Amino acid sequence: MGSRAEYRHETARITIDLDPQVETTLDDGQPVLARRLFVDTVNTIDGWKIRDRAQASVTTQQANHPDRWSGAYYSHPVVITPELQRKIDHAVSLLS
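Note that the coordinates shown come from a computational prediction; the quantities given were computed from them, not determined experimentally.

**Overview of the overall build of the protein**
Each helix and strand counted, the protein has one helix and five strands in total. When the elements of the protein are put in sequence order from the N terminus, they spell out β-β-β-β-β-α. Here the protein has a C-alpha radius of gyration of 17 Å; the compact-globule value for 96 residues is 12 Å, and the former is much larger. In terms of its C-alpha atoms, the protein occupies a principal-axis envelope of roughly 70 × 25 × 15 Å. Relative to its full complement of 96 residues, the protein shows a buried share of 32%. The contacts of the protein with a sequence gap of at least 6 include a subset with a gap of at least 24, amounting to 51%.

Dropping the structure here:
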C-alpha cells in the first residue's frame, strides 16, 4: 500500500489597529469609521493568501449629526478602500 501525504494549512488572523480611523462603508452603503481590521489568511504553497474578506470593528455615523460617530460593533465585511487595501497588503507581507 502506498503512503498518504498529509498537508496541513497554516492559518493566521491579522489584527490591524487603524490610527487614525478610516472612513469606509458597510456593504449596504452605510458610512462607518473602521477602527480595527481583522484579516484571516492561509499559508499556501504560493505563500500567504487572504482567506476571506476583511471584517472591521466600526463606529457608525449619527443620523442627525453627520459629523459625529457613535457606537462600536463587530461588522461583517466592509468595503475595502485603497487605503485599507494597502494596510492589508503590508500586514500580509510581514507574514513571509
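**A closer look at the pairing of strand β4 (residues 55-61)**
Two faces, one strand: in a regular strand the side chains alternate between the faces of the sheet. Burial within β4 is extensive, with six of its seven residues counted as buried. Across six bridges, the pairing between strand β2 (residues 31-44) and β4 is antiparallel. Looking across to β4, one finds that Arg-36 is bridged to Ser-57.

**Comments concerning the nonpolar core**
Ranked by internal contacts, the top residues of the largest apolar core, which has 18 residues, are Ile-16, Leu-18, Leu-37 and Ile-88. Put simply, the parts of the chain that give this core at least two residues each are β1 (10-25), β2, β4 and α1 (82-93). Residues in contact with Ile-88, not counting those within four places in the same chain, are Ile-16, Leu-37, Val-39, Ile-50, Ala-54 and Ile-80.

**What to know about the pattern of salt bridges**
Within this structure, the stated rule accounts for three salt bridges. Across the pair Arg-13 and Asp-40 runs a salt bridge whose closest N-O atoms are separated by 2.7 Å. Of the two residues, Arg-13 sits in strand β1 while Asp-40 sits in strand β2, which places them 27 residues apart along the sequence. When its relative accessible area of 44% is taken as the criterion, Arg-13 is described as partly exposed. A relative accessible area of 16% places Asp-40 in the buried class. Linking Asp-27 and Arg-53 is a salt bridge whose minimum nitrogen-to-oxygen distance equals 3.1 Å. One end of the pair, Asp-27, is in the loop between β1 and β2; the other, Arg-53, is in the loop between β3 (47-50) and β4, with 26 residues separating them in the sequence.

Cut-offs and rules
- Within every chain, residues take consecutive numbers counted from 1 along the sequence as written.
- Where local features are concerned, this predicted model is filtered to residues with pLDDT of at least 70; where side-chain atom pairs are given and counted, the filter is 80 or more; whole-chain, interface and lining totals use all residues.
- For side-chain calculations, the full set of non-hydrogen atoms in the structure is used, while hydrogens and water are omitted.
- Under the DSSP-based scheme used, a helix requires at least four consecutive residues in state H or I and a strand at least two consecutive residues in state E, with every element numbered from the N terminus.
- Between the two quantities, the radius of gyration covers C-alpha atoms and the globule rule is 2.2 Å times the number of residues to the power 0.38.
- Summary of the burial criterion: residues with accessible area below 20% of their type's maximum are buried, those above 50% are exposed, and those between are partly exposed, where the area comes from a 1.4 Å probe applied to protein chains only.
- Here a residue-residue contact requires only that any non-hydrogen atoms of the pair lie within 4.5 Å.
- DSSP bridges decide pairing: two strands pair if at least two such bridges lie between them.
- By nonpolar core we mean a set of buried residues, namely Ala, Val, Leu, Ile, Met, Phe, Trp, Tyr and Cys, connected to one another through side-chain atoms within 4.5 Å.
- Put simply, a salt bridge is a Lys or Arg side-chain nitrogen that is within 4 Å of an Asp or Glu carboxyl oxygen.

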